[in-house]
Each structure stands twice: as structure tokens, then as C-alpha cells.
Amino acid sequence: MASLDGPDDQRPQNGGEKAGLGTRLFDSRFVLAAAVLVLAVAVAAFSLPMLYALAGLAAIAIASAIIPHPSARRRLAGQSAGAGMSPDASMKSVTDALLHPAFILDHDGTVRYANGEAARRFPATRPGDLFTLTFRSPELIEAMRSAAAGKAVIVDYHDHGEDAGVYAIAVNPLHRAGSGQDLALVILEDMSERQAIARMRADFVANASHELRTPLASLSGFIETLQGPARGDPEASDRFLAIMRQQAERMRRLIDDLLSLSRLEMRAHRTPEDRVDLVATIREVLDTLAPLAAELSVETALDAPDEPVEITGERDELVQVFENLIENGLKYGGSGGRLDIAIAAGSAGAGTAAKVTIRDYGPGIAPEHLPRLTERFYRVDAEASREKQGTGLGLAIVKHILTHHRAELEFDSEPGVGTTVTLTFEPFGLSTGGGEKV
Ligand SMILES: Nc1ncnc2c1ncn2[C@@H]1O[C@H](COP(=O)(O)OP(=O)(O)OP(=O)(O)O)[C@@H](O)[C@H]1O
Ligand SMILES: [Mg+2]
């Protein structure tokens, strides 16, 4: 454990030696009273000369003042390790106002105060405990030495305990006005989430670049071929140009999806306000995708009430949701030859809520993939998805939009049987159970 002892060690203690004489005489008051009594009896009963009696009393008084008394020693020790080092009320209230866990330590590194957040997050580190008993790190010990010398330091700290995390710990010198005693204010900022977000961002950029690089490499390859070996070969040119068109289309889709995600992120704080009829919206999406369904020989069936099923939402965003989910049902579940879509209005009292299910009879999705489906660029079979012009961003966009609409997305899938996707718009609140909420 680092001691915060620094140059401050040479400081006189509170009420140091000068006050000590008076204090020691006061502590010896009972001894002195007893001496006065004994000497008075000796003077009266045994005719002890008054001069001797006074000299004896003076000798006892001087001895009491010079020899440190045990209780005075205790009090001096107490000043450095206990009450004298306590933070005052204003320090405590400033510490309480901090949003992060914060501790006030004395010069020995003993916790003298923990704010509410610190008590909640680190219940094992209580006032009276050595701070570095829980937070063990040589850098932290060094930082505490620097704080004792008047220098604020920030160190990274990796917690390997139960509540593993990464913290930035700021150790600041804290001068207690009037006391001559310095304390240290230690603030812990949890960096785990920020680091996870930074990692996700880096992964995202890496994935996006990788996805763009593949069609780009293919395009450049074909351009070289057309300029070189295939020059003047109309048949080869037609074939290669068709592939190049496909690759360019793939890049366009990817860029559209990336822009879509970033627009959604920017609008995430906006609450949807429009009234959207799910029946009309889904009918429209089915019309748009009718050519794809025909191409893949999938029969689509819509089970919906005659009257509108309205929810509060953003129409264009909901079109994107149903386009992707129905397209997925056709592309990945098309082998079943059928796609059933059902729309149900919420309970009468609920007003705007509804439930939509999209069911295919395709190969299904193995359970280990279900929790990851809405991750950006996650694909069960990346190659198969790429062949189908998939970017792996569709369900990430769907999830984003549904969160924005406070709706729930649930996948029920059984390999070999098919997949059912259920969307529950609040406050309908019904759960089909057994599925994987993502
Ligand atoms: N109904 C389904 N049946 C089987 N697999 C599915 C189904 N829906 C989605 N998947 C799997 O989930 C993956 C992610 O789907 P998502 O919609 O996010 O991406 P994508 O369809 O590949 O690309 P995009 O939607 O951008 O065109 C798909 O690649 C596919 O492997
Ligand atoms: Mg998709």
C-alpha cells in the first residue's frame, strides 16, 4: 500500500508541541490533585516544611508536562489517522454531486468517504479500508504519491474481479482549508462501454470496407480483362459487363444501407408521430416484391382485417422493415414455396398497437444464430447471402427502426421447418413465447 506521505510529513501536526504542554498538564490533572492532597496531609500531619511541599509539587508538575502522556500520544495518532483527516461537509457534498463513483482518501490511502455511486458499485471498499486493498495497481500507488505531492494524475485501471471492467481513475490532491492536512479525491470513470462502442465502430468500418472492397476488386479485374485479353471479343464483353453491373449494384445497395443506418442513428431521438395503416403498407410492399416472389416461385398469402390497423410510426421506415423481412422470407425461406403474412389489431383499449407475423417454410435458422441476426453484417451463410445480393445490414436496420417505434422483434425458427418473425407494436404486449427476442 502506498503511503501518501510526501514533503507534508514535516508539517507540524494539528495543535503540535506548543499546545502539548498545556494538554499534558491537563491530562495529568488527577495526578496533580492527588499530589496536592498528599502534600497537604504531609504538611498538616507530619509538619513537612511548606517549601519542600511546594518544591515536590513543582517537580511532579514539570514531570507531567515533559513526559508524553499515553492519552496525548493516542490523540496525536488519532489526528493523523482518524478524525483530523476527515473530509468536511462541503467536500462530501461536492463528491456526492459527482456522477461517477468517487472516494476521498487520507494521506495514508485510507478511504475517508465514499459517495453514493461508489458505495453502490464498490460496496467492499468502505470508509476505514485501504483503497489499494481493492484497487491493486502499481500505477495507482504512484498516482497517489503524486497526488500527495500536489499533482493530479489519471491512470487506466483494469478490474479483474467479479465486476470486471476498465476504469479511468483520476487521483486529485484535495487541500482541506485550515487543517494543514491534505486528502485525495479519487474519481473512477467506467470506460468499458465506451471501449466496447469504439471497438464496434472499428469493426463496423472494417466490415464495411471489406464488403466494398470485394465488388470493387471484381470491377477492376474485369476492366483490366476487357482492356486486355478480352478486347474485341463481344461475347466475353457482354458476359463481363453483366457481372460488372451486378457488382456495381451490390456496391450501391451497400452504400444505400450504410447511409440508411447513419440517417436512422441521427433520427433516433425523434419520436414517430404519423398514423400508419399496417394493412395498406404491407399490401404495397407485397406488390413491390411480387416480381421477386414470382421469380422464386413463392406464393404469398396475406391474412389481414378489412379495416385499417393503425399504429403511430414513420411510414417510410416501416416500409423498409417489411421490405426486408418479406424479402428475407422470399430469398432465404423461398424453398418452402409459401410465405404467410398475418396482421392482427391490438386490443380495443390499446388503440394503436398491432401484431404482424411473417412465416416461411424454408430451411429455418439454427438456434445459435438467432441472437446475432440483428448484428451489422451478420449472415448465417455469408456466401449464400452475397449470392442473393444480401449485405447483412437488413436486420440491423429493421432492429434500429423497431426500437425507434418501441416495437419488439422475435424470431421463431426450427431448422427444416421454417421461420416465423413476429413484430409486436406497443402497447399490444403479447408475446408468442419460446422464440428468440432480438
Ligand atoms: N427467413 C429467413 N430464413 C433463413 N435465414 C434467414 C431468414 N431471414 C434472415 N436470414 C439470415 O439472416 C441473415 C441476415 O439477414 P439480413 O436481412 O440482415 O441481411 P441480408 O438479407 O443478407 O442483406 P440485406 O437485407 O441487406 O439485403 C441472412 O443473411 C440470412 O442468412
Ligand atoms: Mg435482408
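Fair warning: this is a prediction, and the values are worked out from it, not measured in the lab.

Here is what the cut-offs are and how they apply
Residues numbered from 1 in each chain as written. Chains lettered and ligands numbered in written order. Predicted model: local features only at pLDDT ≥ 70, side-chain atom pairs only at ≥ 80, totals over all residues. Heavy atoms only, no water. Near = heavy atom within 4 Å. Polar contact = N/O pair within 3.5 Å; in protein donor to acceptor, adjacent residues only side chain to side chain. Areas by Shrake-Rupley, 256 points an atom, 1.4 Å probe, with all protein chains shown as cover. Helix = DSSP H or I, 4+ residues; strand = E, 2+ residues; numbered from the N terminus. pLDDT = per-residue confidence, 0-100. Contact = heavy atoms within 4.5 Å. Buried < 20%, exposed > 50% of the residue type's maximum accessible area, 1.4 Å probe, protein only. Patch = residues over 30% accessible without salt bridge, like charges linked within 9 Å, V, L, I, M, F, W, Y side chains within 5 Å. Salt bridge = Lys/Arg side-chain N within 4 Å of Asp/Glu carboxyl O. Donors = N, O, S within 2.8 Å, 3.2 Å for Na, K, Ca; no water.

**Student:** Account for the site of ligand 1, with residues named and values stated.
**Tutor:** If you check the shell around ligand 1, you find 21 residues, and the closest are Asn324, Tyr332, Ser385, Thr391 and Leu395. Measuring from a nitrogen atom of ligand 1, one finds a side-chain N or O atom of Asp360 at 2.8 Å. Burial of ligand 1 by the protein chains amounts to 96% of its free accessible area of 600 Å². Of all elements in the fold, only α10 (234–266), α12 (315–333) and α14 (394–404) reach the threshold of two or more residues within the shell around ligand 1. Broken down by element, the shell around ligand 1 gets its largest block of residues, 4 residues, from α12.

**Student:** Requested: an account of the confidence of the model for the protein, with residues and values cited.
**Tutor:** Any segment with low pLDDT has predicted coordinates that should not be analysed in fine detail. On average, the protein scores 82 in pLDDT, and the residues at 70 or more come to 82%. Low pLDDT (under 50) marks residues 69–83, which in the prediction has 25 contacts with non-local residues, meaning those over four places away or in another chain.

**Student:** Explain the environment of Ile141 to me, using residue names and the numbers behind them.
**Tutor:** Along the polypeptide, Ile141 turns up in helix α8 (residues 138–148). Accessibility expressed as a relative area gives 21% for Ile141, which makes it partly exposed. Considering only alpha carbons, one finds Ile141 and Phe131, 10 residues apart in sequence, at a separation of 9.7 Å.

**Student:** Give a detailed account of a nonpolar patch on the surface, specifying residues and quantitative values.
**Tutor:** A cluster of nonpolar side chains, namely Leu37, Val41 and Phe46, defines an oily patch on the protein surface of about 350 Å² accessible area. With respect to the helices and strands, Phe46 occurs in helix α2 (residues 29–46). For Phe46, a relative accessible area of 66% puts it in the exposed group.

**Student:** A description of the side chain of Glu211 should follow, citing residues and the corresponding values.
**Tutor:** Its place among the elements puts Glu211 in helix α9 (residues 192–227). Within the structure, the side chain of Glu211 is placed 2.5 Å from the side chain of Arg379, a separation counted as a polar contact. Here Glu211 is in contact with Arg250, Leu254, Phe377, Arg379 and Arg386, once residues within four sequence places are set aside.

**Student:** Any chance you could break down the coordination of the magnesium ion (ligand 2) for me, citing the residues and the numbers?
**Tutor:** Coordination of the magnesium ion (ligand 2) by the protein involves Asn324 (OD1) and Asn328 (OD1), with metal-donor separations of 2.2 to 2.3 Å. Remark: Asn328 and Asn324 occur in helix α12; sequence separation between them is 4 residues, near one turn of the helix.

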